Amino acid sequence: MHLAYPAVLSALLFCTGLYGVLARRNAILVLMSVELMLNAVNLNLVAFDVYLSKAARDTLHSGQALTLFTIAIAAAEIGIGLAIVLAVYRNRGTSAIDRLRDAAEGHGDDSDDSAGSDSTVPGAEKAEATA
């Protein structure tokens, strides 16, 4: 098999993942796009390792070893990333990146309430009635 086939497939996967990171607004879809980009890198590592091992018989297959390391790092990254997304979702009620960024900057639509009371906070009506 020629080296061009996996290289082109890897480039397509990486570009798809890059588009997903830049265009998506959901944090889980962004994490999936990052995983797609890491898989494209893994495909390149294995393809070039196989291509270069044909030239030299005594190789250590370092591309495949780096691929295993990248898979382990990706598994840890997705575990920690999903834990962070779930914690943010429990606290803020959304995983949309734009709304989270706007709320962190202080001008999100979460704090804009013309009546002055927040119905999602328990006890807000009681605090308003006593004021």
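All of these numbers come straight from a predicted model, not from anything done at the bench. (Residues numbered from 1 in each chain as written. Predicted model: local features only at pLDDT ≥ 70, side-chain atom pairs only at ≥ 80, totals over all residues. Heavy atoms only, no water.)

K.L.:
Hey, could you run me through the side chain of Ser10 in this one?
P.N.:
Tracing the chain through its elements places Ser10 in helix H1 (residues 4-23). In terms of polar contacts, Ser10 uses its side chain to reach the side chain of Asn44, at 3.3 Å. Discounting residues that sit within four places of it in the chain, Ser10 has contacts with Ala40, Val41, Leu43 and Asn44. (Helix = DSSP H or I, 4+ residues; strand = E, 2+ residues; numbered from the N terminus. Polar contact = N/O pair within 3.5 Å; in protein donor to acceptor, adjacent residues only side chain to side chain. Contact = heavy atoms within 4.5 Å.)

K.L.:
Help me understand the pattern of salt bridges in this model?
P.N.:
Pairing between side chains of opposite charge can happen when their charged atoms approach one another. All told, the structure shown has one salt bridge when counted by the stated rule. A salt bridge links Asp98 to Arg25; its shortest N-O distance comes to 2.6 Å. Taken as a pair, Asp98 in helix H4 (residues 97-105) and Arg25 in the loop between H1 and helix H2 (27-55) lie far apart in primary sequence, 73 residues in all. Of the residues examined, Asp98 reaches a relative accessible area of 23% and is grouped as partly exposed. (Salt bridge = Lys/Arg side-chain N within 4 Å of Asp/Glu carboxyl O. Buried < 20%, exposed > 50% of the residue type's maximum accessible area, 1.4 Å probe, protein only.)

K.L.:
I'm lost on helix H3 (residues 62-92) in this one. Help?
P.N.:
Quick reminder: α-helices carry 3.6 residues per turn. Residues three or four places apart thus point the same way. In this model, H3 (31 residues) spans 44 Å end to end at C-alpha, consistent with the 45 Å of a helix rising 1.5 Å per residue. Taken together, the buried positions of H3 are occupied by Gly63, Thr67, Thr70, Ala74, Gly81 and Val85. Considering only its buried residues, H3 is in contact with H2. At the exit of H3 stands Gly93, carrying a positive phi of roughly 85 degrees. (Expected span 1.5 Å × (residues − 1).)

K.L.:
Is there a simple way to explain the side chain of Ser53 in this structure?
P.N.:
Here Ser53 lies in helix H2. Among the residues examined, Ser53 registers a relative accessible area of 16% and is labelled buried. A polar contact of 2.9 Å, which involves the side chain of Ser53, links it to the backbone oxygen of Val50. Discounting chain neighbours no more than four positions away, the residues touching Ser53 are Thr59 and His61.

K.L.:
Got a minute to help me understand a nonpolar patch on the surface in this structure?
P.N.:
Judged by side-chain polarity, Phe14, Leu18, Leu22 and Val41 come together as a nonpolar surface patch covering roughly 350 Å² of accessible area. Sorting elements by how many residues they give to the nonpolar patch places H1 first, with three residues. Within the fold, Phe14 resides in helix H1. Overall, the relative accessible area of 33% leaves Phe14 in the partly exposed class. (Patch = residues over 30% accessible without salt bridge, like charges linked within 9 Å, V, L, I, M, F, W, Y side chains within 5 Å. Areas by Shrake-Rupley, 256 points an atom, 1.4 Å probe, with all protein chains shown as cover.)

K.L.:
How should H2 be read in this particular structure?
P.N.:
An ideal rise of 1.5 Å per residue puts 42 Å on 29 residues; H2 measures up with 43 Å between its terminal C-alpha atoms. Of the residues making up H2, those classed as buried are Ala27, Val30, Leu31, Ser33, Glu35, Met37, Ala40, Asn42, Ala47, Asp49 and Ser53. Residues of H2 that are buried in the fold lie against H1, H3 and H4.

K.L.:
Can you help me understand the layout of surface pockets in this one?
P.N.:
A water-sized probe, rolled over the atoms, reveals where empty space remains. Here the largest pocket is characterised by a volume of approximately 160 Å³. Lining the largest pocket we find Met1, His2, Leu3, Pro6, Leu43, Val46, Ala47, Val50, Tyr51 and Lys54. With six residues, H2 is the largest single contributor of residues to the lining of the largest pocket. For the lining of the largest pocket, a count of residues per class yields eight nonpolar, one polar and one charged. (1 Å grid on protein atoms, 1.4 Å probe; cavity = no way out; pocket = protein on both sides within 12 Å on 5 of 7 lines; lining within 4 Å. Points joined across faces, edges and corners; volume = space filled by probe spheres on them. Nonpolar A, V, L, I, M, F, W, Y, C, P; charged D, E, K, R; others polar.)

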